[in-house]
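Remarks on the overall topology
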Amino acid sequence: MCPCFSSRLSVSLSWPATLGEESARPRKMIPMAVGISLVVVAVFEIGVAFVVTNAFPSTKLLAASAVPLVSVTNQFVAPWVGTLVNFGAVVSSFGAALACVNGATRMMFALGRDGVGPKVLSRVSKRTGSPVGALVVVSIVSLAFLVGFLHDKATDAVGIILTYGADLILAAYGLVLIAAIIYTVKRRMSPIKTLVLVIGLAILVYVVKDTFIPFPAAPYNWDAYGALATLVIGLVIPLLSRRIRNNLRQSPLLKVGAVQLLKRESQRS
C-alpha cells in the first residue's frame, strides 16, 4: 500500500470522523463527507498514478526517481511546473499535518473528558473553549516524533513518517473490520453484511502480506517495529488498568453511539 495514499485517505476521513460531535445533522453529513472524500482522493490518486507510470519507460526508472511527478513535469512540461508541484506538496503536507493534529486532539480530549486518560486532556480554554490540554500533549508528542524522523533528504523524512502512519492505518482498518464482523455475527444480522466484511478483511490481509513480506529494509523496518509497539501499548494499557476499562464501559460518547447504532438496526429490521 502506498503510504502517500494511505495518509491522504486517513486525513480525508479524519475531519468527518473527529468533528462529528459538532455536526448539526451528523447522520446525513458524516456519511456524505466520508463518501465524497473517498471518491475525490481515489480519483486524484489514480489519475496521478496513471500519468506517472505511463510517463516512465520502465518501473526501474520510476523507482529510481526521488519525486516522480516533478520529474514528469520537468521533462514534458517546464521546470517551473515542477517547482509548483513541490510547493503544492509542502502546502498539502502542512494541511495533512494540521488535520492529523486536529483529529488527535479531538480524540485525546474525548478520552480525557470520559475519564479514560489524564485529567489534563480534558482542560479547555476559558476564552475559546478549545481543548488546550490535549493540544499541548499532541503538539509535544508530534514534535518529538518529527525530531526523531529527521533525515538528510526531506523526501526520505516524509516517506519514513508516512510509512509509520500507513502501518498504523492498516492495523486500525483491521481492528475495525474484526469488530464489525463480530458485531454482525452476535447481532445475527444479514449474512451478506458479514460476507462483505470478511471479503474486506481478506483484501486487507493480502495488502498486509504484500507490504511486510519480504520485511522492509532499514529505515522502514523501524516504522513497522514502531507501529507494532504502538498497537501493543494501545491494547495492553486498557487490559492492565481496571479504571480505564470501567471508564470505557461508562463512556457517554460510546453509549450514545451504541444506542444510535442499535436504534438504526431496529428501524431497518
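Since we're looking at a predicted model, the values are computed, not measured. (Residues numbered from 1 in each chain as written. Predicted model: local features only at pLDDT ≥ 70, side-chain atom pairs only at ≥ 80, totals over all residues. Heavy atoms only, no water.)

A look at the overall build of the chain
Rules: Under the DSSP-based scheme used, a helix requires at least four consecutive residues in state H or I and a strand at least two consecutive residues in state E, with every element numbered from the N terminus. Under the scheme applied here, a residue whose accessible area is under 20% of the maximum for its type counts as buried, over 50% as exposed, and between as partly exposed, the area being computed with a 1.4 Å probe on protein chains only. Between two residues, a contact is recorded if the distance between any of their heavy atoms is within 4.5 Å. Accessible areas in this description were obtained via Shrake-Rupley with a 1.4 Å probe; residue shielding takes into account the shown protein chains only.
Of regular secondary structure, the chain possesses 11 helices and 0 strands. Counted from the first residue to the last, the chain has its helices and strands arranged as α-α-α-α-α-α-α-α-α-α-α. Within the span of the chain, comprising 269 residues, buried residues form 25% of the whole. The contacts of the chain with a sequence gap of at least 6 include a subset with a gap of at least 24, amounting to 56%. Roughly 18,000 Å² of accessible area belongs to the chain as shown, and the carbon and sulfur atoms make up 73% of that amount.

Digging into the UniProt feature "transmembrane region" (unreviewed entry) in the chain
Filter applied, for reference: UniProt positions are given in the numbering used here, feature names are shortened, and annotations may be inferred rather than shown by experiment.
Using the residue numbers shown here, the UniProt feature "transmembrane region" (unreviewed entry) corresponds to residues 33–56, 76–101, 132–151, 157–183, 195–218 and 224–241. Secondary structure content for residues 76–101 is 92% helix and 0% strand, and the end C-alpha separation is 37 Å. Helix makes up 100% of residues 157–183 and strand 0%. Its end C-alpha atoms lie 39 Å apart.

Focus: the environment of Leu 69
Looking at where Leu 69 falls in the secondary structure, it is placed in helix H4 (residues 68–76). Sequence separation between Leu 69 and Val 51 is 18 residues; the distance between their C-alpha atoms is 8.5 Å. Here Leu 69 is in contact with Val 48, Val 52 and Val 85, once residues within four sequence places are set aside.

Some remarks on H4
Cut-off, in case you're wondering: Working note: the arc is built from the helix axis to C-beta atom directions.
Along H4, the positions that sit buried rather than exposed are Val 70, Val 72 and Thr 73. Relative to the axis of H4, the buried residues are bounded by an arc of 160 degrees and lie together on one face. Considering only its buried residues, H4 is in contact with helix H2 (26–55) and helix H5 (79–113).

Focus: the layout of surface pockets
Put simply, the rule reads: Definitions used for this entry: grid spacing 1 Å over protein atoms alone; cavity, a set of points where a 1.4 Å probe fits but cannot get out; pocket, an open set with protein on both sides within 12 Å along at least 5 of 7 lines; lining residue, one with an atom within 4 Å of a point. Grid points are joined across faces, edges and corners, and a volume is the space filled by probe spheres set on the points. For this classification, Asp, Glu, Lys and Arg are treated as charged, while Ala, Val, Leu, Ile, Met, Phe, Trp, Tyr, Cys and Pro are nonpolar and the rest, including Gly, are polar.
Estimated volume of the second largest pocket: approximately 310 Å³. Mapped by element, the contributors of at least two residues to the lining of the second largest pocket are helix H7 (154–186), helix H8 (191–212) and helix H9 (220–240). Its residues placed into classes, the lining of the second largest pocket shows 14 nonpolar, 1 polar and 1 charged.

Some thoughts on H2
Rule in force here: Here, expected helix span is obtained from the residue count minus one, scaled by 1.5 Å.
Taking 1.5 Å of rise per residue, 30 residues should cover 44 Å, and H2 covers 43 Å from first to last C-alpha, within 8% of that figure. Listing the buried residues of H2 in full gives Ser 37, Val 41, Glu 45 and Val 52.

What about the packing of H9 against helix H10 (residues 242–249)?
Heads up, the rule is: Simply put, an axis is a line fit to the C-alpha atoms, just over the touching stretch for a helix, and the angle between two N-to-C directions goes from 0 to 180 degrees. Roughly parallel refers to an angle under 35 degrees, roughly antiparallel to one over 145, roughly perpendicular to one between 65 and 115, and oblique to any angle outside these ranges.
At a minimum axis distance of 5 Å, the contact between H9 and H10 shows a crossing angle of 95 degrees. In terms of orientation, H9 and H10 fall into the roughly perpendicular class. Where H9 approaches H10, its residues Ile 237, Pro 238, Leu 239 and Leu 240 are matched on the opposing element by Arg 242, Ile 244, Arg 245 and Leu 248. Class assignment for the residues of the contact of H9 with H10 results in 6 nonpolar, no polar and 2 charged.

Concerning a nonpolar patch on the surface
Note the threshold: Nonpolar side chains (Val, Leu, Ile, Met, Phe, Trp, Tyr) are joined into patches within 5 Å and like charges within 9 Å, using only residues with over 30% relative accessible area and no salt bridge. Should a side-chain nitrogen of Lys or Arg be within 4 Å of a carboxyl oxygen of Asp or Glu, the pair is scored as a salt bridge.
On the surface, a cluster of nonpolar side chains totalling about 670 Å² of accessible area is made up of Leu 175, Leu 228, Val 232, Leu 235, Val 236, Leu 239 and Leu 240. With respect to the helices and strands, the residue Val 232 is situated in helix H9. A residue is classified by how much of its surface remains accessible, and Val 232, at 41% relative accessible area, is partly exposed.

Side note on the packing of aromatic side chains
What counts is decided by this rule: For Phe, Tyr and Trp, where Trp contributes only its six-membered ring, two rings pair if their centres lie within 6.5 Å, and the inter-plane angle classes them as stacked under 30 degrees, edge-to-face over 60, or tilted in between.
All chains considered together, the criterion is met by 2 aromatic pairs. Note on Phe 215 and Tyr 225: the rings are 5.4 Å apart at their centroids and 35 degrees apart in plane angle, and the pair reads as tilted. With Phe 215 in the loop between H8 and H9 and Tyr 225 in helix H9, this pair connects stretches of sequence that are 10 residues apart. Taking the centre distance of 5.6 Å and the plane angle of 75 degrees together, the rings of Trp 222 and Tyr 225 count as edge-to-face. Highlighted residues: Trp 222 and Tyr 225, both in helix H9, separated by 3 residues, approximately one helical turn. The exposure class assigned to Trp 222 is exposed, which follows from its relative accessible area of 60%. Among the aromatic side chains, those forming a connected cluster through ring pairs are Phe 215, Trp 222 and Tyr 225.

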